[in-house]
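One letter stands for each residue in the lines below.
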Amino acid sequence: MKIIILGAGQVGAGLAVSLARENYDISVVDHDESRLRQLQDRVDIQGVGGHAAHPPTLLRAGIEDADMIVAVTSSDEVNMVACQIAYSLYNTPTRIARVRAAEYLETPNLFTREHIPIDLLISPEQLVTDHIYHLIEYPGALQVLDFADGQAQMVAIRAASDSPMVGHPLRAVAEQMPAGVETRVVALFRGEQAVIPEGDTVIEADDLVFFLAARRDIPRVMNELCRNVAPIKRVMLAGGGNIGERLAVKLGGDYHVKLIERSTERAKVIAEHLEHAIVLVGDCADSELLRDEGIDRIDIYCALTNDDEANILSSMVAKRLGAKKVVTIVNRPVYADLVEGQQIDVAVSPRQITIGALFARMRRGNVVRVHSLRRGAAEAIEAEAKGDAGTSRVVGRAIAEIELPPGATIGGIVRGEKVLMAHRQTTIEPGDHVIILATEKRHIHDLEHLFEVSATYV
Amino acid sequence: MNPNLLCRLLSLLLLLAGVLQFLPALIAWVYDDSSFTTFILSGSGLLLIGAAAWWPARRVRIDLRLRDGFLVVALSWIVIGLAGALPIVMLKVPQVGVVDAIFESVSGLTTTGATVLIGLEAMPPGLLFHRALLQWLGGMGIVVLAVAVLPMLRIGGLQLYRAEMPGPVKDSKLTPRIADTAKALWTIYFSLTLLCMLAYHVAGMSWFDAVTHAFTTLSTGGYSNYDASIAHFQSLLIELIAIVFMTLGGINFAIHFLAWRRASLVPYQQDPEVRTYMTLLLVFAAIATAAIVFYGVEPHWPSALRLGLFQAVSTMTSTGYTTAGFYLWPGFLPIFFIFIVFIGGCAGSTGGGMKVIRIMLLYKQAVSEIQRVIHPASAGIIRIGSRAVESRVITAVWGYFFIYVASFAILSVLLNATGLDLETSFSAVATCLTNLGPSLGVAGPHFADLNAVAKSVLVFAMLLGRLEIFTLLVLLTPAYWKDA
């Protein structure tokens, strides 16, 4: 499959690296040739210099036989026009674009085949906002992933040494849940190592645990797994960019929100949109300001500027001054590995989130959603089981009978309104949304094939 | 550089070289000549050595670093050059020494075409085929071939490709994957060779001559099965076919690829380098023709045009076929042909020399400097076609130009020091550095009479020219080996 990526920025380059390693044919277009050269030195891709929306550039990148175009340049307009050109002139089957401006996104009728033919819109700000919102919604969670329109969720928590689950086998953890609440641990990371969760696997302190449950059960499960975590009331957001503003709007009146913005003009604009939050003008690393605003009573501090270093440093200051939990946007994976779990509770990578969202579309075989875990080390996949016992390799079979590729486990099933945890004898029915965790990325294509409906399969 | 990885890569190339020696063995078997056992022996020997070197390192899985590409490519060329010399040394007819065999093999592989063999008509067909095959493999690059056919080189293939491909901008790929690019290049190369072979056969060559000459035409190598080269055939049609395919061999294969994929001739017309290349060919042919008439070598215009056009195309593309001994021609003609080969073919072609694009860049830079004298505030942007060239590329070309001239000077002095006369030493270095083949002076008819030291220097010059200097010279710098 041939994919053209427009823009070799953080998302474009990251996507190119991940996809090229999975044997896709990748061409990357950017006007900055030195950036392309660096990228070509690292992975086997074709770099094409030039304006991303100009037909001659696209031709040089081989758009005529491309299966997909992913427009992630820094300009919304270039991305949109490139998709339009790919559709109108070259009939490129799939077109994905990143569009940031909410003004465009609020008019969904725009992005239809008759107007601007984009199949999938990616809005990193929206994705990051939702991601952080989940973290505030569930204190203690490090990552929250939605499946089947949010009916089921997968939550990552760090097993603190005083947590009731530490030292117990997973079977016991499932049994201690209150009646009517079902959950299942689907993945376990010990350090960098992925551990396949079995019934008798014992949870150790500092393990990263991913569990799956129905959305309405999540608070109760969280309550059982990590006691002593108080709900969040006071939130401080540092940085009044798009993410800061959207997050403040989303948090609304349910929380006490304080937002710090450096520029007076920008602060004025945000303040007009925000009914409940208090907008402060100042430097987010100014300890006096933080103290005056009661940082020691803040439940969660979120550093949301677009500068990695500023985010990390201001979060460290906030933590030292007494913020209970700090969440930081960090784009560089190296930084994220360095600080997460030590000085900073959660490092959120917009790049990784965006790439994860793009990946969902790359996957074939009825895969509906893909989430990337541990910065791409593993993937949580939601696939729809289609066909019947004759044409599908999953439908009509008990989970124990399905031949999964190595490293993959079925975590649960969403059947209509119900969320079922996977048991060995659970039978997959047509229309089920199956949630799978894959820790070995090289076998992911096998997983895709598993969910393909084939007329010839007997 | 990890020695195990190097061992693994080189042994794979040795295996490839060993397998390829069974082809001349097959020819020798068909023609029932004396070289059959030699090629079987040397081919099996190479396979054995290759396998022995490969076995201990077979499990090595390490990525090639950027700088490792140079070492691997340079060593591959040396190793394959030596492997090609093995059967030549072992042959009873002709009886040649080790240095001569290496010279012949490297001259083939680098598509130079300078020969130490006299009386080619009497040589076993197996050997003639072996020489032509070496040239054909060296034309598009044996490492590029390895990248195309060996899946294990998929990772790090670009580093190798870059160290072997001629031209100033080395990272242009035709397809997203380097292995596919290498495959596309070899497919085009193979198809053009096939076409050339059929044309030669239709024009009257025997199948054997058609195959070997097609090999040495497309690779712009210039080995022939006859001492008199193309003049042996005395056929206008064959000369015209040779002119067409030598010209094609001197064009960037990326342009062939575009023309093939779009099924149109427009890419040739649009590419500024190809246009300059064609213009230069015509201008040089015209100058040569006029001089041939002027000096009375051939007073009739049509015959002079036939001689001039063929010789201009053959030398500028660095092929080195001859239809007349131009080293005996009067006036400026001999030195003229030696000078035009310095321009050479296009980047990414099988042609030698400094490449048309570099000359264009140097020329444009010079013009822009003159312009700067008149308009001190001019932006000084160099354009090729409608696109500005990065200043980095231009500085690199200037550096290349300096080293090229310096190598030429130093090697000429060295050759002169071995006792050769001035004309011979300068022209021999020029012809080897540009991978042309024919020379002037003592080396005019062939290189057999040169001393062994001179031949060794020329072997180095040929490798230097084919690998575009940097690939080989970078290995001789201490900085390359520090923290390696």
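All values derive from a computational prediction rather than experimental measurement.

How each quantity is defined
- Residues numbered from 1 in each chain as written.
- Chains lettered and ligands numbered in written order.
- Predicted model: local features only at pLDDT ≥ 70, side-chain atom pairs only at ≥ 80, totals over all residues.
- Helix = DSSP H or I, 4+ residues; strand = E, 2+ residues; numbered from the N terminus.
- Rg over C-alpha atoms; globule rule 2.2 N^0.38 Å.
- Buried ≥ 20, exposed ≤ 12 C-beta atoms within 10 Å, placed from the backbone.
- Contact = placed C-beta atoms within 7 Å.
- Pairing = 2+ DSSP bridges.
- Axes fitted to C-alpha atoms, helices over the stretch in contact; angles between N-to-C directions.
- Nonpolar A, V, L, I, M, F, W, Y, C, P; charged D, E, K, R; others polar.
- Expected span 1.5 Å × (residues − 1).
- pLDDT = per-residue confidence, 0-100.
- Parallel < 35°, antiparallel > 145°, perpendicular 65-115°, else oblique.
- Left-handed = near helix turned anticlockwise from the far one by under 90°.
- Right-handed = clockwise from strand over helix to strand, strands pointing away.

## A word on the overall build of chain A
The helix and strand inventory of chain A stands at 15 helices and 22 strands. Rg of the C-alpha trace for chain A: 23 Å, near the compact-globule value of 23 Å for 458 residues, within the 12% margin. For chain A, the spread of C-alpha atoms along the three principal axes comes to 60 × 55 × 40 Å. Split into buried and exposed, the 458 residues of chain A put 47% on the buried side. Put simply, 60% of the contacts in chain A that link residues at least 6 apart link residues at least 24 apart.

## Concerning the overall build of chain B
Secondary structure summary: chain B contains 22 helices and 2 strands in total. Taking 2.2 N^0.38 as the reference for a compact globule, 484 residues should give roughly 23 Å; the C-alpha atoms of chain B span a radius of gyration of 22 Å, in line with that estimate. C-alpha extents for chain B along the principal axes are approximately 65 × 50 × 50 Å. Within chain B, the proportion of its 484 residues that are buried is 52%. Considering only contacts within chain B whose residues lie at least 6 apart along the sequence, 70% involve residues at least 24 apart.

## Considerations on the sheet that holds strand β11 (residues 208-214) of chain A
Residues and elements named next belong to chain A. The 5 strands lie next to each other as β7-β8-β11-β9-β10, forming an open sheet whose pairing is antiparallel. In this open sheet, the two strands that pair with only one neighbour each are β7 (141-147) and β10 (193-195). Going across the sheet, the axis of each strand differs from the next one's by a mean of 20 degrees, ignoring polarity. The pairing of β7 with strand β8 (residues 152-158) spans 6 bridges and is classified as antiparallel. Within the sheet, the bridge partner assigned to Phe 147 lies in β8 and is Ala 152. Across the sheet, helix α8 (residues 218-225) touches β8, β9 (183-190) and β11, and the angle it forms with β8 is around 20 degrees.

## Comments concerning the sheet that holds strand β18 (residues 367-373) of chain A
Residues and elements named next belong to chain A. Pairing in this open sheet of 5 strands is antiparallel, and the strands run β18-β19-β22-β20-β21 from one edge to the other. Edge positions in the sheet fall to β18 and β21 (418-421), since each of these pairs with one other strand and no more. The sheet shows a mean angle of 20 degrees between the axes of neighbouring strands, taken without regard to direction. Pairing of strand β19 (residues 378-384) with strand β22 (residues 433-438) involves 6 bridges; the strand directions are antiparallel. Bridge pairing in β22 links Ala 380 to Leu 437.

## A few points about unusual backbone geometry
Unusually for a residue other than glycine, Asn91(A) sits at a positive phi of about 55 degrees. Its location among the elements puts Asn91(A) in the loop between α4 (76-90) and β5 (94-98). On the neighbour-count criterion, Asn91(A) (9 C-beta atoms within 10 Å) is exposed. The residue Thr220(B) is not glycine, and still its phi comes out positive at about 45 degrees.

## With respect to the environment of Pro3(B)
Mapped onto the fold, Pro3(B) is located in helix α1 (residues 3-20). Distance from Pro3(B) to Asp68(B), taken between C-alpha atoms, is 11 Å for residues 65 residues apart in sequence.

## Things to note about the interface of chain B and chain A
Each partner contributes to the interface: chain B provides 12 residues, whereas chain A provides 11 residues. Across the side of chain B that touches chain A, the residue classes break down as 5 nonpolar, 2 polar and 5 charged.

## Describing helix α4 (residues 68-90) of chain B
Taking 1.5 Å per residue as the helical rise, α4(B) with its 23 residues ought to reach 33 Å, and the 33 Å between its terminal C-alpha atoms agrees with that figure. Counted residue by residue, α4(B) has 17 buried out of 23 residues, so it is predominantly covered.

## Some remarks on the confidence of the model for chain B
This prediction gives chain B a mean pLDDT of 89; 98% of its residues lie at or above 70. Here the prediction assigns the complex a pTM of 0.80, and the interface score ipTM is 0.74.

## A word on the packing of helix α9 (residues 178-202) of chain B against helix α10 (residues 207-218) of chain B
Residue and element names in this part refer to chain B. Orientation of α9 relative to α10, taken along the N-to-C sense of each, is 135 degrees, at an axis distance of 8 Å. As judged from the angle between their axes, α9 and α10 are oblique. As α9 runs across α10, the sense of the crossing is right-handed. Residues Tyr 189, Leu 192, Thr 193, Cys 196, Met 197, Tyr 200 and His 201 of α9 form the contact with α10, whose participating residues are Trp 207, Ala 210, Val 211, His 213, Ala 214, Phe 215, Thr 217 and Leu 218. In terms of residue class, the contact of α9 with α10 is made up of 11 nonpolar, 4 polar and no charged.

## Re the environment of Arg361(A)
Residues and elements named next belong to chain A. Within the element layout of this structure, Arg 361 appears in helix α14 (residues 350-362). Along the primary structure Arg 361 and Leu 15 are separated by 346 residues, whereas in three dimensions their C-alpha atoms are 12 Å apart. Setting aside residues no more than four positions away along its own chain, Arg 361 makes contact with Ile 96 and Leu 120.

## Description of the pairing of strand β12 (residues 234-238) of chain A
Residue and element names in this part refer to chain A. β12 sits mainly inside the fold: 4 of its 5 residues count as buried. Looking at chain direction, β12 and strand β13 (residues 256-261) are connected through 5 bridges and run parallel. Paired with Met 236 across the two strands is Lys 258, which belongs to β13. Traced from β12 through helix α9 (residues 242-251) to β13, the parallel crossover comes out right-handed. By the bridge criterion, 4 bridges tie β12 to strand β15 (residues 300-303) in an arrangement that is parallel. Following the sheet pairing, Leu 237 is matched in β15 by Cys 302.

## Some points on the pairing of strand β14 (residues 278-281) of chain A
Residue and element names in this part refer to chain A. Bridge analysis of β13 against β14 gives 4 bridges, and the strand direction is parallel. By the bridge assignment, Leu 259 is partnered in β14 with Val 279. In this view, the connection linking β13 to its parallel neighbour β14 by way of helix α10 (residues 264-273) has right-handed handedness.

## Details of the confidence of the model for chain A
Per-residue confidence for chain A averages 85 on the pLDDT scale, and 98% of its residues sit at or above 70. When pLDDT is averaged over each element of chain A, β15(A) comes out on top at 94 and α14(A) at the bottom at 78.

## What to know about the packing of helix α17 (residues 356-374) of chain B against helix α18 (residues 391-417) of chain B
All names here are of chain B. Running from N to C, α17 and α18 cross one another at 105 degrees; their axes reach a closest spacing of 10 Å. Considered as vectors, α17 and α18 are oriented roughly perpendicular to each other. Where α17 abuts α18, its residues Arg 358, Leu 361, Leu 362 and Gln 365 lie against Ile 394, Val 397, Tyr 400 and Phe 401. Residue classes in the contact of α17 with α18 are distributed as 6 nonpolar, 1 polar and 1 charged.

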